[in-house]
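Single-letter residue listing:
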Amino acid sequence: MSVQTELWQGQFDKLFIGGGWVNPATQRTFEVVSPATEEPLARIAEGSEADIDTAVAAARAAFDRGPWPRTELTERIAVLTRVSEILADRQDEVARLISAEMGCPITLSTRMQSMGTRLLLDAFLELAPRYLWSDIRRSVTGNALVTREPVGVVAAVVPWNAPLQIAMIKLAPALLAGCTAVLKPSPETAMSAYLLAEIFERAGLPAGVVNVVVAGREVSEHLVRHRGVDKVSFTGSTAAGRRIAAICGQDLRRVTLELGGKSAAVLLDDADLDAVVPVIRALSLRNTGQVCSNKTRIVVARSLRDELYDRLRDMVGSMPIGDPFDPTTEVGPLVTSAQRERVESYIAQARSEGTQVIVGGGRPEGLDRGWYVEPTIFGDVDPDARIAQEEVFGPVLTVHTFDTEAEAIDIANNSDYGLNGSVFAADPAHALAVARHIRTGTVEVNGTPAGFFAPLGGFKNSGIGREAGLEGFDAYIECKSYGLPQPLLDTLA
């Protein structure tokens, strides 16, 4: 398949800087390879440190001297509303492009990667007028106008698993706050970032407000430590997050980190497996396991264990694996050969330690090309085992049994991560009572999603800060206090 002829005529040999498509400083390129066919899709311009310097300078000029930070919120909302409208018009194109470059099954890609990106933007557009951009504080010690002003130039560093949705969860609140940005997408999913740049251009975003440079690790680090950057927002691995936090800490640069997860789904002894198993199917193996909030540890009451194992075997057996462009496919390929090797190494080690395989454990038959792994579920897993503690980021689940609710809570909290989780029970109030003891940023009662109006983020090694919801704006503002004489304060009240 030729992406450029069948999906989008992207200018992949250029970079989007200063409101236009410009030649990179070098001739180096990245090759984007189809994870389903292992065939090349495109060559992408590889950004250098010089390109990062140019992009940051463009964002700096747009912030310091351009109109964007000084426009009314209503004007910024109008531009981003046009972005939403274009995303809606090009919904299928966005979904197909992401399915091509990272293997997300097309039905999920349409719903999560494409529609999800637009719905996330729409949530920020609806919330922006409700955010407290300024207020008046009167006290016996003084009178103040307190404003929330844009933090400045934002470096948005995003991963490959949900490239546009994660880019939007950073760019939408940053732009609505009046910031400018340099977006650094992953090389594996750079084509969709180019499409997003074109959409911003067509929507009328002023020059330099968003710049897009695809780069490798060393050049990305140059962006993170760049003196022209005021704020870094990163989504990715915990190891990379630690490195970014250390760099930003040296310069006291503001930083938000959304990192890994090893989330637990707790099935209390009266949980309805008819309701639970479809949620596991949808939210534990989603995107071939390549979602940080997936519930990858299933913590089940001993009385439900045997029935759950039977149902999980049936579930996996009924999940079509294969071509991500087939609308019936539920499990696609992993994003790269290296990612498959990583996932298979976890499976191999767990098997070598004698961990019980409930289902899967190999490569699917009949798929000789593409980076596929069978959905794999391990049973009766020691909660301290490596397979239960480390983020595999593939279609691999572990099952753990408990006898008491206190034990279930202990197993759920036995993790360095704290991003997400679920509790299932016949009585939702009982499930909520248990959920209050689980140390994660989000807990879904009986699989109910929190939605885009709620903040997302994690406890412990799952990151620093929150994204989405009204709280999502907090990452992109600086609070500023003005001490004002009473007569002037009265005119502003």
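Taking an unreviewed UniProt entry as the reference, the protein is identified by name as aldehyde dehydrogenase (NAD(+)) belonging to Nocardia amikacinitolerans. Per UniProt, the comment on the protein under Sequence similarities (unreviewed entry) is "Belongs to the aldehyde dehydrogenase family." UniProt, in the comment section headed Catalytic activity (unreviewed entry), describes the protein in these words: "an aldehyde + NAD(+) + H2O = a carboxylate + NADH + 2 H(+)".

A. Representation of the overall build of the protein within the structure. Summing up its helical and strand segments, the protein has 16 helices and 22 strands in all. In terms of C-alpha radius of gyration, the protein reaches 23 Å, essentially the compact-globule figure of 23 Å for 493 residues. Contacts in the protein between residues at least 24 apart in sequence constitute 72% of all its contacts with a sequence separation of at least 6. A distance of 6 Å separates the average location of the 47 positive side-chain charges in the protein from that of its 63 negative side-chain charges.

B. Looking closely at the sheet that holds strand E19 (residues 444-445). Reading across from one edge, E14-E15-E16-E13-E12-E18-E19 is the order of the 7 strands in this open sheet, with mixed pairing throughout. Each edge of the open sheet is held by one strand with a lone partner, namely strand E14 (356-359) and E19. For strand E15 (residues 376-379) and strand E16 (residues 396-402), the ladder comprises 3 bridges, and the chain directions are parallel. Residue pairing across strands places isoleucine 377 opposite leucine 397, the latter belonging to E16.

C. Up close: helix H5 (residues 106-127). Taking 1.5 Å of rise per residue, the 22 residues of H5 would be expected to cover 32 Å, and the 30 Å separating its terminal C-alpha atoms lies within 8% of that figure. The buried fraction of H5 is high, at 16 of 22 residues.

D. Geometry of the packing of helix H4 (residues 91-102) against helix H7 (residues 190-203). Packing of H4 against H7 brings their axes to within 8 Å, and their N-to-C directions diverge by 155°. When the interaxial angle is binned, H4 and H7 end up roughly antiparallel. On the side of H4, the interface is formed by Glu93, Val94, Leu97, Ile98 and Glu101, while H7 contributes Ala190, Met191, Ser192 and Leu195. Among the residues forming the contact of H4 with H7, the class breakdown is 6 nonpolar, 1 polar and 2 charged.

E. Region of interest: the UniProt feature "domain: Aldehyde dehydrogenase" (unreviewed entry) in the protein. Mapped onto the present numbering, the UniProt feature "domain: Aldehyde dehydrogenase" (unreviewed entry) falls at residues 21-481. Annotation note: span residues 21-481, helix share 39%, strand share 21%, distance between end C-alpha atoms 40 Å.

F. Broad picture of the UniProt feature "active site" (unreviewed entry) in the protein. As recorded in UniProt, the feature "active site" (unreviewed entry) lies at Glu258. Considering the arrangement of structural elements, one finds glutamate 258 in strand E11 (residues 254-258). In contact with glutamate 258, other than residues within four places in its own chain, are Phe234, Thr235, Gly236, Cys292, Leu419, Ser462 and Glu467.

G. Highlighting the environment of glycine 18. Summarising the element assignment, glycine 18 is placed in the loop between strand E1 (15-17) and strand E2 (20-22). Spatially, the C-alpha atoms of glycine 18 and glycine 208 are 3.9 Å apart, while their sequence positions differ by 190 residues.

H. How the structure looks around the environment of threonine 442. Within the secondary structure layout, threonine 442 lies in the loop between helix H15 (428-435) and E19. You can call threonine 442 buried: its relative accessible area is 10%. Sequence separation between threonine 442 and arginine 217 is 225 residues; the distance between their C-alpha atoms is 30 Å. Every residue in contact with threonine 442, bar those within four places of it in the chain, is listed here: Leu419, Asn420, Gly421, Ala450, Pro455, Leu456 and Gly457.

I. Structural detail: the packing of aromatic side chains. This structure, assessed with the given rule, holds 8 aromatic pairs. Considering the side-chain rings of phenylalanine 12 and tyrosine 194, the 5.5 Å spacing of their centres and the 70° angle between planes classify their relative orientation as edge-to-face. Of this pair, phenylalanine 12 sits in the loop between helix H1 (3-6) and E1 while tyrosine 194 sits in helix H7, and the two are 182 residues apart along the sequence. With a relative accessible area of 3%, phenylalanine 12 lands in the buried category. Taking the centre distance of 5.6 Å and the plane angle of 25° together, the rings of tryptophan 21 and tyrosine 194 count as stacked.

J. Molecular detail of the sheet that holds strand E6 (residues 142-150). On the basis of which strands lie adjacent, the open sheet formed by 3 strands has the order E5-E6-E22 and antiparallel pairing. Strands at the two margins of the open sheet, each flanked by one partner only, are strand E5 (134-139) and strand E22 (477-483). If you compare each strand with its neighbour and ignore which way they point, the axes differ by 25° on average. Note: E5 against E6, 6 bridges, orientation antiparallel. Bridge pairing links arginine 138 to asparagine 143 in E6.

K. Seen up close, unusual backbone geometry. Located in the positive-phi region is asparagine 446, a residue other than glycine, with phi close to 55°. For asparagine 446, the position within the fold is in the loop between E19 and strand E20 (459-460). If you check the backbone angles, lysine 460 has positive phi at about 50° while not being a glycine. In this structure, lysine 460 sits in strand E20.

L. Quick peek at the pairing of E15. Of the two faces of E15, the one carrying Thr376 and Phe378 and the one carrying Ile377 and Gly379 are both buried. Pairing analysis gives 3 bridges linking E14 to E15, with the strands arranged antiparallel. Bridging across to E15, valine 359 finds its partner in isoleucine 377.

M. Spotlight on the environment of valine 399. Along the chain, the position of valine 399 falls in strand E16. Residue classification places valine 399 among the buried positions, given a relative accessible area of 0%. Along the backbone, valine 399 and valine 381 are 18 residues apart, and their C-alpha atoms lie at a distance of 6.0 Å. Excluding residues that lie within four positions of it along the chain, valine 399 makes contacts with Ile298, Val300, Leu308, Tyr309, Leu312, Ile377, Phe378, Gly379, Asp380 and Val381.

N. Region of interest: the nonpolar core. Counting 103 residues, the largest nonpolar core has Ile44, Val83, Leu175, Leu176 and Phe200 as its most contacted members. The two domains that each donate at least three residues to this core are domain 1 (3-259 + 462-480) and domain 2 (264-445). Ignoring sequence-local partners within four residues, the contact set of leucine 175 consists of Trp68, Arg76, Leu80, Phe200, Leu205, Val209 and Val210. Counting residues in each nonpolar core, the second largest holds 26 residues, with Val276, Met315, Ile358 and Ile377 among its members.

Procedures and definitions
- Residues numbered from 1 in each chain as written.
- Predicted model: local features only at pLDDT ≥ 70, side-chain atom pairs only at ≥ 80, totals over all residues.
- Heavy atoms only, no water.
- UniProt positions renumbered as here; feature names shortened; annotations may be inferred.
- Helix = DSSP H or I, 4+ residues; strand = E, 2+ residues; numbered from the N terminus.
- Rg over C-alpha atoms; globule rule 2.2 N^0.38 Å.
- Contact = heavy atoms within 4.5 Å.
- Lys, Arg positive; Asp, Glu negative; His and termini not counted.
- Charge placed at Lys NZ, Arg CZ, Asp CG, Glu CD.
- Pairing = 2+ DSSP bridges.
- Expected span 1.5 Å × (residues − 1).
- Buried < 20%, exposed > 50% of the residue type's maximum accessible area, 1.4 Å probe, protein only.
- Axes fitted to C-alpha atoms, helices over the stretch in contact; angles between N-to-C directions.
- Parallel < 35°, antiparallel > 145°, perpendicular 65-115°, else oblique.
- Nonpolar A, V, L, I, M, F, W, Y, C, P; charged D, E, K, R; others polar.
- Phe/Tyr/Trp six-rings, centres within 6.5 Å; stacked < 30°, edge-to-face > 60°.
- Core = buried A, V, L, I, M, F, W, Y, C linked by side-chain atoms within 4.5 Å.
- Domains from an automatic or database assignment.

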